[in-house]
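Below, each chain spelled out in residue letters.
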Amino acid sequence: MIYALISDIHANLPALEAVLEDIGHRGVAATYHLGDLVGYAPWPDETVALIRGRGISGVAGNYDSTVGTDYKHCGCRYEDPRQEELSHISFNWTRQHVSTNTKEFLAGLPFRIDLLPNGGHLAGPRVILVHGTPTLNTLYWTEDRSDDFCLKMAGHAGARAGDVIVFGHTHIPWHRDVEGIHFVNTGSVGRPKDGNWRAGYVVLEIGSRAVRVENVRVEYDLERTILAIQDSELPDEFGEHLRTGGRTSVPR
Ligand SMILES: [Fe+2]
């Protein structure tokens, strides 16, 4: 069984369009998103409409659940007062520009989705999709987290050897196997932070004996996104952030 897993699109419609085009050539059985459909770029309604139009199911990112529930901030991390200011500008802009329909859709997204590639009539393996971690969608699960942390999260999720937990939220892709459980961070479609501006996603293949994880990067019309950010009331810094693959100092 082959899945395409896309996360952290963050309203970057050209990046999403390019990724869906690429996925179309890969013969996947299904595509799922891991949340953070909106925030930071000027196409929140259009991004949600495209995801819904393609019938792509997925989970609620922190941006989706905080916009959907009128929370006081997006639950994003910032490291200095300017980042905090930018974070609030983006969150308020997004809240003001999503339609009622989009907001209701975001509020209704599930926290977690389980896939059983061999069918629910068999015991395993299980692929568990969440945005941040199995406990909170705001918690950052970075590659430098200890094996103990990963196993603790696996325990929360009820994952066993042979299972796969897939998540995003940090915008930096990584994959490791701890005691037979695979931990896969998909990186970000619309706002990568690993120094590579190209849209990122994962192709996950669950075979009878092995799990294969492919990190894919796709070029997209970056200038279209940067110009649209400049034409909106969103901070121009967000465009520069995209150009550098997240190597400028703005909120996560
Ligand atoms: Fe995100």
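Before reading further, recall that the structure is shown in the block above.
Presented here is an overview of the structure given in this document. (Residues numbered from 1 in each chain as written. Predicted model: local features only at pLDDT ≥ 70, side-chain atom pairs only at ≥ 80, totals over all residues. Heavy atoms only, no water.)

**A short note on the environment of Pro134**
In step 1: Examined against the element boundaries, Pro134 turns out to sit in the loop between strand E5 (127-129) and helix H6 (147-157).
In step 2: Given the relative accessible area of 15%, Pro134 is considered buried.
In step 3: Along the sequence, Pro134 and His156 sit 22 residues apart, while their C-alpha atoms lie 6.5 Å from each other.
In step 4: When near neighbours in sequence (up to four residues on either side) are disregarded, Pro134 contacts Phe111, Trp141, Met153, His156 and Ala157. (Helix = DSSP H or I, 4+ residues; strand = E, 2+ residues; numbered from the N terminus. Buried < 20%, exposed > 50% of the residue type's maximum accessible area, 1.4 Å probe, protein only. Contact = heavy atoms within 4.5 Å.)

**Quick notes on the coordination of the iron ion**
In step 1: In the first shell of the iron ion, the protein supplies Asp8 (OD), His10 (NE2), Asp36 (OD) and His171 (NE2), at 2.0 to 2.3 Å from the metal.
In step 2: Classification of the site at the iron ion rests on its 4 donor atoms, whose angles at the metal span 83 to 177 degrees, yielding the label irregular.
In step 3: Mapped onto the sequence, the donors of the iron ion take the spacing D-x1-H-x25-D-x134-H. Residue Asp8 is found in the loop between strand E1 (2-6) and helix H1 (13-23), and its partner His171 is found in the loop between strand E6 (164-167) and strand E7 (174-178); the two are separated by 163 residues along the sequence.
In step 4: Assessed through its relative accessible area of 0%, Asp8 is described here as buried. (Donors = N, O, S within 2.8 Å, 3.2 Å for Na, K, Ca; no water. Tetrahedral: all angles 85-135°; square planar, octahedral: opposite > 155°, others 65-115°.)

**Concerning the side chain of Asp8**
In step 1: Despite its burial, Asp8 pairs with no opposite charge, the nearest such side chain being Arg191 at 8.4 Å.
In step 2: Within the local environment of Asp8, its side chain forms a polar contact with the side chain of His10, the two groups lying 3.4 Å apart.
In step 3: Of note is the side chain of Asp8, whose polar atom sits 2.9 Å from the backbone nitrogen of His169.
In step 4: Residues contacting Asp8, with those up to four places away along its chain left out, are Gly35, Asp36, His131, Gly168, His169, His171, Gly187, Ser188, Val189, Gly190 and Arg191. (Lys, Arg positive; Asp, Glu negative; His and termini not counted. Salt bridge = Lys/Arg side-chain N within 4 Å of Asp/Glu carboxyl O. Polar contact = N/O pair within 3.5 Å; in protein donor to acceptor, adjacent residues only side chain to side chain.)

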